[in-house]
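Fold and contact review
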Amino acid sequence: MKGLFITFEGTEGGGKTTQIALLSDRLKASGRTVRVLREPGGTPIGEEIRHTLKHSANNEAMTPETELLLMNASRAQLVREIIRPALERGEVVLCDRFYDSTIAYQGFGRGLEMTQVRSIIDFAVGNTRPDLTLLLHVPLSVSEARRHSRDAGAAPVRDRIESAGREFFERVERGFQALARAEPRRVVEIEAAASREEVGAAIWKAVQPLLSS
Ligand code: TMP
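Conventions used here
Numbering of residues begins from 1 in every chain and follows the order in which that chain's sequence is written. Where local features are concerned, this predicted model is filtered to residues with pLDDT of at least 70; where side-chain atom pairs are given and counted, the filter is 80 or more; whole-chain, interface and lining totals use all residues. Hydrogens are left out, water is left out, and the side-chain values use all remaining heavy atoms of the structure. Every angle, taken between N-to-C directions, lies between 0 and 180 degrees, and every axis is a line fitted to C-alpha atoms, over only the stretch in contact when it is a helix. Each helix is a run of H or I in the DSSP string that is no shorter than four residues. Each strand is a run of E no shorter than two, and both are numbered from the N terminus. Note that the term roughly parallel is reserved for angles under 35 degrees, roughly antiparallel for angles over 145, roughly perpendicular for angles of 65 to 115, and oblique for everything else. Working rule for contacts: check all heavy atoms of both residues, and any pair within 4.5 Å makes them a contact. By the convention adopted, Pro, Cys, Tyr, Trp, Phe, Met, Ile, Leu, Val and Ala count as nonpolar, Lys, Arg, Asp and Glu as charged, and the other residues, Gly among them, as polar. For this description, a residue counts as near a given molecule or strand if any of its non-hydrogen atoms is within 4 Å of it. Two N or O atoms count as a polar contact when they lie within 3.5 Å, although within protein this holds only if one can serve as hydrogen donor and the other as acceptor, and sequence-adjacent residues are included solely when both atoms are side-chain atoms. All accessible areas in this document rest on Shrake-Rupley with a 1.4 Å probe, and a residue is counted as covered only by the protein chains that are shown. Exposure is judged per residue with a 1.4 Å probe applied to protein chains only, and the accessible area is read against the type maximum: over 50% gives exposed, under 20% gives buried, and values in between give partly exposed. Throughout, nonpolar core names a set of buried Ala, Val, Leu, Ile, Met, Phe, Trp, Tyr and Cys residues whose side chains join them through atoms within 4.5 Å.

**Topic: the packing of helix 3 (residues 64-88) against helix 4 (residues 99-109)**
- As a packed pair, helix 3 and helix 4 sit with axes 11 Å apart at the nearest point and diverge in direction by 175 degrees. As far as their axial angle goes, helix 4 and helix 3 are roughly antiparallel. Touching Glu67, Leu68, Met71, Asn72 and Arg75 of helix 3 are Tyr99, Thr102 and Gln106, all from helix 4.
- Along the lines of polarity and charge, the residues of the contact of helix 3 with helix 4 split into 3 nonpolar, 3 polar and 2 charged.

Put into structure tokens, the structure is as follows:
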């Protein structure tokens, strides 16, 4: 069986985690072996990089250039340690974020030069590209509300990236929209403010045609 690489993208609060679990269950029920991963992270090295990027007490001074390189260091490791071997075994790989997040957050959001951003991504991933990208779209107000409700937890964990301002997330959102327009065959936009079941059904409709080969 041919391996299949599916990525989930979108601003925070779009319900990616729930939908990845739902899709994973459906794929397993149809007889496929599924590997669920997240970025940054997904390997022991990547999880350490994730901590540095998001929660480390020492990350306040991080520059956009460092952020770009760390995201892609985690990615280079994940691609070679996990994704390529899994695809070669014919598994389905579901990844919570991949390089479209770099284009949206570090390119559009931080304003890094796009040709350089793309060449660093190319170095990190080589030919390992998603077969399908599901872009979960929620209005910015919903995304913001979900981010803030997480912050209101008993012991909120500081997150350097999520603490950016509204304009940053508006640019990120515009970046995702531009990506969906530029690559409509790969990037399928899903309206994620609908119910869990409706969103799950829309995702399954996009995935099913890829399962026969
Ligand atoms: P999350 O796993 O909770 O979505 O956190 C990952 C954070 O990292 C999220 O704020 C988006 C951000 N991110 C980037 O800025 N660039 C990237 O390339 C990736 C994969 C994530």
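**A few points about the site of the ligand**
- Taken together, 13 residues lie around the ligand, and Glu12, Lys54, Arg97, Thr102 and Gln106 are the ones closest in.
- Residue Thr102 places a side-chain N or O atom 2.5 Å away from an oxygen atom belonging to the ligand.
- Between the ligand and Gln106, the relevant distance is 2.8 Å, taken from a nitrogen atom to a side-chain nitrogen or oxygen of the residue.
- When isolated, the ligand has an accessible area of 470 Å², and the protein chains bury 94% of it.
- Breaking the shell around the ligand down by element, the ones donating at least two residues are helix 2 (44-54), helix 3 and helix 4.
- Take the shell around the ligand: its biggest share by element is 4 residues, from helix 4.
- Considered class by class, the residues forming the shell around the ligand number 4 nonpolar, 3 polar and 6 charged.

**Observations regarding the environment of Leu132**
- Structurally, the position occupied by Leu132 is in strand 4 (residues 132-137).
- Under the relative-accessibility criterion, Leu132 is labelled buried at 4%.
- With 59 residues separating them along the chain, Leu132 and Ala73 place their C-alpha atoms 23 Å apart.
- Not counting residues within four places of it along the chain, the set of residues in contact with Leu132 comprises Phe5, Ile6, Thr7, Arg186, Val188, Ala206, Val207 and Leu210.

**Details of the nonpolar core**
- By size, the foremost hydrophobic cluster in this structure holds 35 residues, and its most contacted members are Leu37, Ile83, Phe98, Tyr105, Val125 and Phe176.
- Looking at this core, the elements that each hand over two or more residues are helix 2, helix 3, strand 3 (92-96), helix 4, helix 5 (114-125) and helix 7 (166-182).
- Of all hydrophobic cores here, the second largest spans 21 residues; its members include Val34, Leu132, Leu136 and Ile190.

**Looking at the side chain of Asn59**
- By the element assignment, Asn59 lies in the loop between helix 2 and helix 3.
- At 3.3 Å, the side chain of Asn59 forms a polar contact with the backbone oxygen of Leu53.
- A distance of 2.5 Å separates polar atoms of two side chains, one belonging to Asn59 and the other to Arg158.

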